Each structure stands twice: as C-alpha cells, then as structure tokens.
Amino acid sequence: SAVISQKPSRDICQRGTSLTIQCQVDSQVTMMFWYRQQPGQSLTLIATANQGSEATYESGFVIDKFPISRPNLTFSTLTVSNMSPEDSSIYLCSVDRGLEAFFGQGTRLTVV
Amino acid sequence: DAKTTQPPSMDCAEGRAANLPCNHSTISGNEYVYWYRQIHSQGPQYIIHGLKNNETNEMASLIITEDRKSSTLILPHATLRDTAVHYCIVRVERAGNNRKLIWGLGTSLAVNP
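One structure accompanies this document, and this report is about it. (Residues numbered from 1 in each chain as written. Chains lettered and ligands numbered in written order. Predicted model: local features only at pLDDT ≥ 70, side-chain atom pairs only at ≥ 80, totals over all residues. Heavy atoms only, no water.)

Moving on to the packing of aromatic side chains. The geometry of an aromatic ring pair comes down to the distance between the two centres and the angle between the two planes. As enumerated under the stated definition, the model contains 12 aromatic pairs over all chains in all. Ring plane angle 45° and centroid distance 6.4 Å describe the contact between A:Phe66 and A:Tyr91, whose orientation is recorded as tilted. Residue A:Phe66 is located in the loop between strand E6 (56-57) and strand E7 (68-72), and its partner A:Tyr91 is located in strand E9 (residues 89-97); the two are separated by 25 residues in the primary sequence. With relative accessibility at 4%, the residue A:Phe66 sits in the buried group. Put simply, the rings of A:Tyr35, A:Phe103, B:Tyr32, B:Tyr34, B:Tyr36, B:Tyr46, B:Tyr87 and B:Trp103 touch in pairs and so form one group of aromatic residues. Positioned above the aromatic ring of A:Phe33 is the side chain of B:Arg99, whose terminal nitrogen or guanidinium carbon lies 3.7 Å from the ring centre. (Phe/Tyr/Trp six-rings, centres within 6.5 Å; stacked < 30°, edge-to-face > 60°. Helix = DSSP H or I, 4+ residues; strand = E, 2+ residues; numbered from the N terminus. Buried < 20%, exposed > 50% of the residue type's maximum accessible area, 1.4 Å probe, protein only. Lys NZ or Arg CZ within 6 Å of the ring centre and 35° of its normal.)

Put into structure tokens, the structure is as follows:
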C-alpha cells in the first residue's frame, strides 16, 4: 500500500485568492496525479505530475489556473489560483503502486 | 476514452450479496476494469480489478462478460460498512508509460440492517 498525506484537509477561501495543496507520499513514485471532485460528482483528472518535467494537463485544465510543482519523488503541490465559487470541490492526490491507485483523503475547498 | 455506465443507486440487506452492474461497451482490448468505493468525505478505496478473467479477492468478486462490454461487482456478504459510492472505472494506457482512470458516476449502495 501507499500512505499519502494531504494538507490542508479543508479550507474556506475568499474568491480571488489562491490556495496551495500539498501531497506527501511515503515512498518515491514516478507519477503523481491530481483530481477534482465537484459536489455530488465523480473524479476528474486534472493533471499528471512527473518529477523534473512540466505537468501534463487534461483537456479543460490549464497551468495558469492549476499550477503544479513536483520538486522530488515524494512530494507535489497543486495551486488553485484566482479562486471562484465554482472551484469549490474536493481535490485529491493519487499515486500508483503496481496496477493499483492509492488516494489521499482529499482537500475540501469552499470558496466564498 | 471508454466510459462506464452504472445505476445511480441500489439497496441491499445486510448479510446478502450485493451485485453492482457496470456497462463499458466501448472498452478496448488492453483496458482494465477497476472498482473503487468512496465512503463520504474519504478518499477512494481500491476494491478489485480485472482484464478478461473473473477475479476474486478478500473483498469482492468481479465478473466480466466474455465480450468485456459489461461487468458485475459482487460483494458476497454486504455489511453496513459497504454503504458507499461504488465506482466502475476503465484504466486507459497512454504514451510515455502513463495511464488515465476514466471514472463513472458511481452507484450509491445502501446496505440496510
């Protein structure tokens, strides 16, 4: 298994501000994945973060809005920039161990 | 990308088998079917996965049809702790040893005492 720690677990933010979410994994991994789960919805992949290279973003997500850092093989951050109420979601970090994906507990973001 | 279709909700009596169906009619030959569950306010938890053959582990069984266009997750003896949203997912392999999980909308399973 993989142990994934996300910080913060929840936050309430003012519109127009930015929030950086941290994801720490208990062992080195090549790829880290960031997801968004809007209220009552399923998970949508935002981007894939590889250490030492630019993150790869999915259709509908852009780097200016969701900048990602991947400074080493156990850590990544996702920033939600210039937030609006539509950004209120749960944001989840995920890694693979073999063919199994493991998830953090998520960051519940509310934008007011 | 292959997509999955699931019933939005199901009920099951505690101790009985829960059979959760999933349609994935556009799945490609090398794409795995995964099942995860999510209890409210927690991260998704892995249940089981398969490619062609039926699979069983300590949590569940996965029955995949011969044409691979649908599958059924079987929880043999449902407990109250199985009350959760159960997601049927297709894993798509991409260039650069990357992959993408395509999530369905999930089935909200309610296990009743």
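Here we take up the interface of chain A and chain B. Between chain A and chain B, the contact holds 20 residues from the first and 23 residues from the second. Taken over both partners, the interface formed by chain A and chain B buries close to 1,700 Å², and the fraction arising from carbon and sulfur atoms is 47%. Here B:Lys100 makes a salt bridge to A:Glu58, at a shortest N to O gap of 2.9 Å. When contributions to the side of chain A that touches chain B are tallied by element, the ones reaching two or more residues are strand E4 (31-37), strand E5 (43-50), E9 and strand E10 (100-103) of chain A. When residues in the side of chain A that touches chain B are grouped by element, the largest group, four residues, is from E4(A). Tallied by class, residues from the side of chain A that touches chain B come to nine nonpolar, seven polar and four charged. (Contact = heavy atoms within 4.5 Å. Buried area = accessible area lost by both parts, 1.4 Å probe. Salt bridge = Lys/Arg side-chain N within 4 Å of Asp/Glu carboxyl O. Nonpolar A, V, L, I, M, F, W, Y, C, P; charged D, E, K, R; others polar.)

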